[in-house]
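# Architecture at a glance
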Amino acid sequence: METGLLHLHNALRWVILVLLIWNLIQALAKKESIRSSSLWLMITAHTMLLIGIYQAVAGRYGWTSLNLPTGSTVMSDSFYRFFLVEHPVLMVSSIVFITMARAKAKELNFRSFTWLLVIALVLILAGIPWPGRELVGRPLFPGA
Ligand code: HEM
């Protein structure tokens, strides 16, 4: 199950990115359809949140199965600091912005909607363990 969840977490990143960009395009075109597309984005983001919390708590590198070298702490170990602090903080913040954007979509407030999603996009792009990243880089696609 754990591998399946990790693969799902990996793949859903693309769904979130595509939905985010799709929402931004619709917002720039001032389309009322952001009311429904923002809901799909929020559902996907909250699903990621649940899988992410599971991984960070009970996953192979989660808080309950820490395997730190003697003398180091989560904050002094770059690998654990990334997956247990930096990545979750950036992603939870982006999901908060996506949720706030959803409220703006209901009001058809295109300007605020756009800005909230731009911030969310920047946070997500900064927090993804892209393949080239030292120590924490991960594949672009599940199981690749
Ligand atoms: C927009 C939301 C998120 C995106 C796009 C995202 C993206 C990713 C990606 C691409 C990976 C690498 C997957 C792989 O190795 O195949 C990953 C791993 C991980 N993510 Fe996220 N993530 C998100 C939210 C979260 C949240 C909210 C948490 C925790 C609260 C979290 C915790 C983790 C952990 C612990 C790993 C490492 C799992 C392992 O290697 O066993 N993620 N994430």
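A quick note: this is a predicted structure, and the numbers were derived from the prediction, not measured.

## Remarks on the overall build of the protein
Along the backbone of the protein there are four helices and zero strands. Scanning the protein from its N terminus toward the C terminus, one meets helices and strands in the order α-α-α-α. The principal-axis extent of the C-alpha atoms belonging to the protein is close to 55 × 25 × 25 Å. Buried positions account for 24% of the 144 residues belonging to the protein.

## A look at unusual backbone geometry
One non-glycine residue, K30, lies in positive phi territory at about 55°. Mapping K30 onto the fold places it in the loop between α1 (2-28) and α2 (34-58). Judged by the 10 C-beta atoms lying within 10 Å of it, K30 falls in the exposed class.

## Description of the packing of α1 against helix α4 (residues 110-127)
Look at α1 against α4: their axes get within 10 Å of each other, and the N-to-C directions meet at 155°. Taken together, α1 and α4 sit at an angle that is classed as roughly antiparallel. The way α1 lies across α4 gives a crossing that is left-handed. Contacts between α1 and α4 involve I16, L20, N23, L24, A27 and L28 from the former and F110, F113, T114, L117, A120, L121 and I124 from the latter. Residue composition of the contact of α1 with α4, grouped by class: eleven nonpolar, two polar and no charged.

## Some points on α4
Along its 18 residues, α4 runs 26 Å from first to last C-alpha, staying within 8% of the 26 Å computed at 1.5 Å per residue. Within α4, burial applies to F113, L116, L117, A120, L123 and I124. Take α4 and look down its axis: the buried residues cluster within an arc of 120°, on one side only. The inward-facing, buried residues of α4 contact α1, α2 and α3 (78-106).

Reading the values: the criteria
- Residues numbered from 1 in each chain as written.
- Predicted model: local features only at pLDDT ≥ 70, side-chain atom pairs only at ≥ 80, totals over all residues.
- Helix = DSSP H or I, 4+ residues; strand = E, 2+ residues; numbered from the N terminus.
- Buried ≥ 20, exposed ≤ 12 C-beta atoms within 10 Å, placed from the backbone.
- Axes fitted to C-alpha atoms, helices over the stretch in contact; angles between N-to-C directions.
- Parallel < 35°, antiparallel > 145°, perpendicular 65-115°, else oblique.
- Left-handed = near helix turned anticlockwise from the far one by under 90°.
- Contact = placed C-beta atoms within 7 Å.
- Nonpolar A, V, L, I, M, F, W, Y, C, P; charged D, E, K, R; others polar.
- Expected span 1.5 Å × (residues − 1).
- Arc of directions from axis to C-beta.

That's the geometry; what it means functionally is another story.
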